[in-house]
Amino acid sequence: MRLVLLLLVAASAVVRSEASADLGGVPSKRLKMQYATGPLLKFQIWRVFEEYMRVISQRYPDIRIEGENYLPQPIYRHIASFLSIFKLVLIVLIIVGKDPFAFFGMQAPSIWQWGQENKVYACMMVFFLSNMIENQCMSTGAFEITLNDVPVWSKLESGHLPSMQQLVQILDNEMKLNVHMDSIPHHRS
């Protein structure tokens, strides 16, 4: 029974976090610090971040660096949410011993009967298989970098991560371009 309660609490936390991340189909943005100065370098990543952050913050101390997960397409997020809830419902049905197939007037398949005889294994199998599919749905493989909301690098487009030298060269060029553009006088007509 404790397992069921823990799983229900975990599922409600997942649903709440996804609901706050997806308001009306538009991902919510975190509040930005109003008092910070300097350009903003944003990494939208899946895994690697700290190594790049360490090197870039040493080389460019004025740049604020933010990291966030790159959200997959909404359909995949919804599939993962559905699987998360379905997994918990299925585990509860296995533990309680209710036959959902009888509700539809169907004969229970042999895997359901096996699950009733081996509840612990069945619950573990449902939990781990569902988590595996959920992780596949939420994985994007993205490594997207923006500087002041201007795309600087996209692993989704290039197919690979930038080397540290490539990233430093790109940032040097962008910073020089920004300094050059700021020094040009603006004439009003």
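Thresholds, definitions, all that
- Residues numbered from 1 in each chain as written.
- Predicted model: local features only at pLDDT ≥ 70, side-chain atom pairs only at ≥ 80, totals over all residues.
- Heavy atoms only, no water.
- Helix = DSSP H or I, 4+ residues; strand = E, 2+ residues; numbered from the N terminus.
- Buried < 20%, exposed > 50% of the residue type's maximum accessible area, 1.4 Å probe, protein only.
- UniProt positions renumbered as here; feature names shortened; annotations may be inferred.
- Axes fitted to C-alpha atoms, helices over the stretch in contact; angles between N-to-C directions.
- Parallel < 35°, antiparallel > 145°, perpendicular 65-115°, else oblique.
- Contact = heavy atoms within 4.5 Å.
- Nonpolar A, V, L, I, M, F, W, Y, C, P; charged D, E, K, R; others polar.
- Phe/Tyr/Trp six-rings, centres within 6.5 Å; stacked < 30°, edge-to-face > 60°.

### Digging into the environment of Phe128
Turning to step 1, where the next piece is worked out: Inspection of the secondary structure assignment puts Phe128 in helix 6 (residues 119–138).
Turning to step 2, where the next piece is worked out: In this structure Phe128 comes out as exposed when scored by relative accessible area, which is 51%.
Turning to step 3, where the next piece is worked out: Along the backbone, Phe128 and Lys87 are 41 residues apart, and their C-alpha atoms lie at a distance of 9.6 Å.

### Regarding unusual backbone geometry
Turning to step 1, where the next piece is worked out: In this structure, Asn148 is a non-glycine residue whose phi angle is positive, near 55°.
Turning to step 2, where the next piece is worked out: Mapped onto the secondary structure, Asn148 falls in the loop between strand 5 (143–147) and strand 6 (150–154).
Turning to step 3, where the next piece is worked out: Not every positive phi belongs to a glycine, and Asp149 is a case in point at roughly 65°.

### Focus: the UniProt feature "transmembrane region" (unreviewed entry) in the protein chain
Turning to step 1, where the next piece is worked out: Sites flagged by UniProt as "transmembrane region" (unreviewed entry) map to residues 75–96.
Turning to step 2, where the next piece is worked out: Helix makes up 100% of residues 75–96 and strand 0%, with an end-to-end C-alpha separation of 31 Å.

### What about the packing of helix 3 (residues 74–96) against helix 6?
Turning to step 1, where the next piece is worked out: Orientation of helix 3 relative to helix 6, taken along the N-to-C sense of each, is 175°, at an axis distance of 9 Å. Relative to helix 6, the element helix 3 is oriented roughly antiparallel. In this structure, helix 3 uses Tyr76, Arg77, Ile79, Ala80, Leu83, Ser84, Lys87, Leu90, Ile91, Ile94, Ile95 and Val96 to contact helix 6, whose residues at the interface are Lys119, Ala122, Cys123, Val126, Phe127, Ser130, Asn131, Ile133, Glu134, Cys137 and Met138.
Turning to step 2, where the next piece is worked out: The class makeup of the residues in the contact of helix 3 with helix 6 is 16 nonpolar, three polar and four charged.

### What to know about the packing of aromatic side chains
Turning to step 1, where the next piece is worked out: Under the counting rule described, the total for this entry stands at five aromatic pairs.
Turning to step 2, where the next piece is worked out: For the pair Phe103 and Phe104, a centre-to-centre distance of 5.2 Å together with 80° between the ring planes defines the contact as edge-to-face.
Turning to step 3, where the next piece is worked out: For the ring pair Phe127 and Phe128, a centre distance of 5.4 Å and an interplane angle of 80° mean the geometry is edge-to-face.

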